[in-house]
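Survey of secondary and tertiary structure
These are the residues of each chain, in order.
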Amino acid sequence: SLFACGIAEPMFLSEIDLADFLYSVKDFLRAAEIYHRYMNIKEANPATFRYAECLYNSGQYGNLLKWIETLNDSIREKNFIQQIEAYSNLYLGNLEKASSLFKELFEKNPNNFKYLVFYGMCQFRLGKEDEAKKAYDAVKNRVNETADLAMLAGGYEFIGEWKVALELTYKALENDPNNPKA
């Protein structure tokens, strides 16, 4: 076999190295072509995730979503894949789908308030202002970290709840007066 005499393996490594280099210089389209040849949609490998990242980073959201549909459920349920699926749907204006994905991500990662904020923003844009406010209000009292307070304040600001946004921003500043994110 080619692997036994070591001929095929160096070629594989050099191609992946080239893809990694192209990725590092943000040539995502050319990197994607190479990663595509080595990815595995049944059981994820590093090339699978890099391919997804390349499609996402080059703004090919529609192609990315079509590709995600071909993946095994075990890969589709991975946080990273769900995250880029949610953002891609958001950027394409598929707010219902984005909203449900962000909600699912938050339920799986209850300390990552970014997902909840994006869920609320989607709900607001869908005309469900009460749903957005209810989601934010449910976590408001358990948010303590400066970055999380600022993130949630941004969510309240987006839905027009200025008073709460200001209160949370003030709390973030009290926490960490020298933090520019507060």
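Okay, so let's go over this structure. Numbers given to residues run from 1 along each chain, matching the order in which its sequence is written. Whole-chain, interface and lining totals are the exception, using all residues; otherwise, since this is a predicted model, local features are given only for residues with pLDDT of at least 70 and side-chain atom pairs are given and counted only at 80 or more. Only heavy atoms go into the side-chain values, all of them from the structure, while hydrogens and water stay out.

**Some remarks on the environment of Ala98**
Here is the rule we go by: Think of it this way: any DSSP run of H or I at least four residues long counts as a helix, any run of E at least two long counts as a strand, and we number them from the N terminus. Residues are treated as being in contact if the distance between any of their heavy atoms lies within 4.5 Å.
You can see Ala98 is positioned in helix α7 (residues 95–108). It is 25 Å that separates the C-alpha atoms of Ala98 and Trp162, two residues lying 64 residues apart in sequence. Ignoring sequence-local partners within four residues, the contact set of Ala98 consists of Ala86, Asn89, Leu90 and Cys122.

**Quick look at the pattern of salt bridges**
This is how the line gets drawn: What counts as a salt bridge is simple: a side-chain nitrogen of Lys or Arg found within 4 Å of a carboxyl oxygen of Asp or Glu. Residue burial is assigned from relative accessible area. The probe radius is 1.4 Å, only protein chains are included, and a residue is buried under 20% of its type maximum, exposed over 50%, and partly exposed in between.
Evaluation of the coordinates by the stated rule reveals nine salt bridges. As a salt-bridge pair, Lys133 and Asp137 come within 2.7 Å of each other at their nearest N and O atoms. You can see Lys133 and its partner Asp137 sitting in helix α9 (residues 129–140), four residues apart, about one turn around the helix. For Lys133, a relative accessible area of 29% translates into the label partly exposed. Here the salt bridges share partners, and the residues they tie into one network are Asp20, Arg50 and Glu53.

**Here's the deal with the packing of aromatic side chains**
Our working definition: Working definition: a ring pair exists when centres of Phe, Tyr or Trp rings (six-membered ring for Trp) sit within 6.5 Å. Plane angles under 30 degrees give stacked, over 60 give edge-to-face, the rest tilted. The criterion for a charge sitting over a ring is simple: Lys NZ or Arg CZ within 6 Å of the ring centre, and within 35 degrees of the ring normal.
Going through the model one piece at a time under the given rule, you end up with 13 aromatic pairs. With centroids separated by 5.3 Å and ring planes inclined at 20°, the aromatic side chains of Phe102 and Phe118 adopt a geometry described as stacked. Residue Phe102 is located in helix α7, and its partner Phe118 is located in helix α8 (residues 113–125); the two are separated by 16 residues in the primary sequence. By the ring-pair criterion, three or more aromatic residues cluster together here, those being Tyr56, Tyr61, Tyr87, Tyr91, Phe102 and Phe118. The residue whose ring lies beneath Arg50 is Tyr23, and the NZ or CZ to ring-centre distance is 3.8 Å.

**Considerations on α7**
Defined as follows: In a helix, the anticipated span is given by 1.5 Å times the number of residues less one. Here the arc refers to the set of directions running from the helix axis out to each C-beta atom.
Its 14 residues place the ends of α7 20 Å apart at the C-alpha level, agreeing with the 20 Å of an ideal helix rising 1.5 Å per residue. By the burial criterion, the buried members of α7 are Leu95, Ala98, Ser99, Leu101, Phe102, Leu105 and Phe106. Each buried residue of α7 lies within a common arc of 170° when the element is viewed along its axis, so the set occupies one face. Looking at the buried residues of α7, the elements they touch are α6 (79–91), α8 and α9.

**What about α9?**
Helix length check: α9 (twelve residues) gives 16 Å between terminal C-alpha atoms against 16 Å at 1.5 Å per residue, within 8%. Taken together, the buried positions of α9 are occupied by Ala132, Ala135, Tyr136 and Val139. One side of α9 carries all its buried residues, which in axial view fall inside an arc of 90°. When the buried face of α9 is taken as reference, the exposed residues oriented beyond 90 degrees from it are Asp130, Lys134 and Ala138.

**Structural notes on the side chain of Gln82**
Counting through the fold element by element, Gln82 comes out in helix α6. Gln82 gets classed as buried once you look at its relative accessible area, which sits at 3%. Sequence-distant contacts of Gln82, that is, excluding residues within four places in its chain, are made with Arg76, Glu77, Leu101, Glu104, Leu105 and Lys108.

**Remarks on the packing of helix α3 (residues 46–57) against helix α4 (residues 61–69)**
Any two packed helices are characterised by how steeply their axes cross, that is the angle between the axes, and by the distance between the axes. Using the following cut-off: As a rule, the C-alpha atoms of each element are fitted with a line to give its axis, helices using only the stretch in contact, and angles between N-to-C directions run from 0 to 180 degrees. Roughly parallel here means an angle under 35 degrees, roughly antiparallel means over 145, roughly perpendicular means 65 to 115, and every remaining angle is called oblique. Classification used: nonpolar for Ala, Val, Leu, Ile, Met, Phe, Trp, Tyr, Cys and Pro, charged for Asp, Glu, Lys and Arg, polar for all others including Gly.
The N-to-C vectors of α3 and α4 enclose an angle of 150°; their axes lie 8 Å apart at closest approach. Classified by the angle their axes make, α3 and α4 are roughly antiparallel. In contact with Thr48, Tyr51, Ala52, Leu55 and Tyr56 of α3, α4 contributes Tyr61, Asn63, Leu64 and Trp67. Here the residues of the contact of α3 with α4 sort into seven nonpolar, two polar and no charged.

**Quick look at the packing of α3 against α6**
Heads up, the condition is: By definition, turning the near helix anticlockwise from the far helix through less than a right angle yields a left-handed crossing, and turning it clockwise yields a right-handed one.
Remark: α3 packs on α6, axes separated minimally by 11 Å, with the N-to-C direction vectors making an angle of 15°. Our classification of the angle between α3 and α6 gives roughly parallel. As for the relative orientation of α3 and α6, their crossing is left-handed in sense. Between α3 and α6, the contacting residues are Phe49, Ala52, Glu53 and Tyr56 on the first element and Phe80, Ile81, Ile84, Tyr87, Ser88 and Tyr91 on the second.

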